[in-house]
Amino acid sequence: MAMAYLAWRLAQRSCPSSLQVTSFPVVQLHMNRTAMRASQKDFENSMNQVKLLKKDPGNEVKLKLYALYKQATEGPCNMPKPGVFDLINKAKWDAWNALGSLPKEAARQNYVDLVSSLSPSLESSSQVEPGTDRKSTGFETLVVTSEDGITKITFNRPKKKNAINTEMYHEIMRALKAASKDDSIITVLTGNGDYYSSGNDLTNFTDIPPGGVEEKAENSAVLLREFVGCFIDFPKPLIAVVNGPAVGISVTLLGLFDAVYASDRATFHTPFSHLGQSPEGCSSYTFPKIMSPAKATEMLIFGKKLTAGEACAQGLVTEVFPDSTFQKEVWTRLKAFAKLPPNAVRISKEVIRKREREKLHTVNAEECNVLQGRWLSDECTNAVVNFLSRKSKL
Ligand SMILES: CCCCC/C=C/CC(=O)SCCNC(=O)CCNC(=O)[C@H](O)C(C)(C)COP(=O)(O)OP(=O)(O)OC[C@H]1O[C@@H](n2cnc3c(N)ncnc32)[C@H](O)[C@@H]1OP(=O)(O)O
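Anyway, here's the lowdown on the structure attached to this text.

Parameters at a glance
Residues numbered from 1 in each chain as written. Predicted model: local features only at pLDDT ≥ 70, side-chain atom pairs only at ≥ 80, totals over all residues. Heavy atoms only, no water. Helix = DSSP H or I, 4+ residues; strand = E, 2+ residues; numbered from the N terminus. Expected span 1.5 Å × (residues − 1). Buried < 20%, exposed > 50% of the residue type's maximum accessible area, 1.4 Å probe, protein only. Axes fitted to C-alpha atoms, helices over the stretch in contact; angles between N-to-C directions. Parallel < 35°, antiparallel > 145°, perpendicular 65-115°, else oblique. Left-handed = near helix turned anticlockwise from the far one by under 90°. Contact = heavy atoms within 4.5 Å. Pairing = 2+ DSSP bridges. Core = buried A, V, L, I, M, F, W, Y, C linked by side-chain atoms within 4.5 Å. Phe/Tyr/Trp six-rings, centres within 6.5 Å; stacked < 30°, edge-to-face > 60°. Lys NZ or Arg CZ within 6 Å of the ring centre and 35° of its normal.

Under the 1.5 Å per step criterion, the end-to-end length of helix H7 (residues 166-181) is 24 Å for 16 residues, consistent within 8% with the ideal 22 Å. For H7, every residue scored as buried is listed here: Met168, Tyr169, Glu171, Ile172, Met173, Ala175, Leu176, Ala179 and Ser180.

This is the structure:
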């Protein structure tokens, strides 16, 4: 606390009337959404508004304000890098230097936008409500928002129980890639509607290219490998908020998440043998490690469906909440996680994932090869035909 206060005081001293910010979600939004440029007057007004802030905006925001102020008034960082033990000046230098060659006008606009986001009463001409989700457009099958340090990717095909069609595989990869680079601290996947996800959309198998089923199987294996690879390589904590039943690949992927919170309505089901298929999502490796080989066998080979409580007892789920309070309790917790120091969080994730990454990629490749063969089998074809002709359900 003392250090934070000191940094704040120093930031104020070298940036007399302001705090300045760089790349907070809300700032990024303003940068993307508008060609509008803040005038010198807007900038000065914002500097004055900072003095009126009733609430301490936090050390990270202050550093960002400092950096933006310096960038807007002096341009790119032109100071020698402070020594490693000069913690406060080093933090300030890092923040300013991180802005690279951001033009002065853009820095000024970001400063104005940031200040306007700090308090509703200080809202300026940006006309963006503080606290409003940053909602990414351009997704057909997902809703992606970013707020409070959390990027939330919501499966959004509720009428199809959030079954993952080809478009959704691509969109999830795109959303993950964007989330890995945005300002969020953690990334959350969840489902809209009563299901988390019913897994692979079985109609994916009906879209046969000119090269026939072999080409389809090959393309699917390539897509699956790339898709699972995005989860293996994701650099920030990945949290699943499992709002309802989960099936197939939406379950197996959970072994690659960093925490899994489930409503007591959720169930976990991998009916691969019933579908003539075999495990994917690295579950052939992660599940036996998480829950013991025999328990993994019950799920992955025999298709035993687990309740949320059972999945928690097996270690697949981190914690189960009553459905009535699920959203409130989980999001309160996640918001607290998202306030942790970003670099420490990211580095810790890397330390944890590092020694498993290569192995996971090997497993992923093997699983996809095996599945490619399975998709061409009569067992699989019959199961899919039965589902599509409504002769079978799980
Ligand atoms: C690149 C390729 C990679 C492949 C990776 C492989 C992954 C393996 C898996 O994921 S295996 C798991 C596959 N999933 C399933 O087998 C689930 C099939 N669905 C069901 O059994 C049921 O729909 C249910 C139990 C999930 C829900 O039953 P309920 O009776 O509650 O609801 P409906 O059946 O009426 O479903 C509503 C509509 O949603 C469609 N739908 C649901 N899930 C899927 C799905 N996985 N694939 C395709 N369509 C699905 C369902 O057909 C209904 O549509 P309709 O309203 O148009 O009839």
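Looking now at the packing of helix H4 (residues 59-74) against helix H5 (residues 87-97). Between H4 and H5, the shortest axis-to-axis distance is 8 Å and the interhelical angle comes to 55°. Overall, the two elements H4 and H5 adopt an arrangement that is oblique. With respect to the hand of their crossing, H4 and H5 are arranged in right-handed fashion. Contacts between H4 and H5 pair Leu63, Tyr66, Ala67, Lys70, Gln71 and Glu74 from the former with Ala91, Lys92, Ala95 and Trp96 from the latter.

What follows concerns the pairing of strand S2 (residues 142-147). Note that S2 and strand S3 (residues 150-155) share six bridges and pair antiparallel. Bridge assignment links Glu147 to a residue of S3, and that residue is Ile150. A loop of two residues connects S2 with S3, the two strands running antiparallel in sequence, and Asp148 in this loop sits at a positive phi of about 55°.

Counting residues in hydrophobic clusters, the biggest one holds 63 residues, and the most contacted among them are Phe231, Val242, Phe257 and Phe268. No other element matches the nine residues that helix H8 (residues 212-233) contributes to this core. With 22 residues, the next largest nonpolar core counts Ala67, Ala72, Ala95 and Leu99 among its residues.

A word on the packing of aromatic side chains. Taken as a whole and assessed by the stated rule, the structure comprises nine aromatic pairs. Between Phe155 and Tyr196 the ring centres are 5.3 Å apart and the planes differ by 65°, which places this aromatic pair in the edge-to-face class. Residue Phe155 is found in strand S3, and its partner Tyr196 is found in the loop between strand S4 (186-191) and H8; the two are separated by 41 residues along the sequence. Comparing Phe155 with Tyr196 shows no difference in burial state: the two are buried. On the numbers, 5.2 Å between centres and 65° between planes, the contact of Phe227 with Phe231 is edge-to-face. With a gap of four residues between them, Phe227 and Phe231 both fall in helix H8, about one helical turn apart. Per residue, the accessibility class of Phe227 equals that of Phe231, and both read buried. Through a chain of ring-to-ring contacts, three or more aromatic side chains come together here, namely Tyr169, Phe227, Phe231 and Phe257. Cation over ring: Lys92 sits above Tyr66, and NZ or CZ is 4.8 Å from the ring centre.

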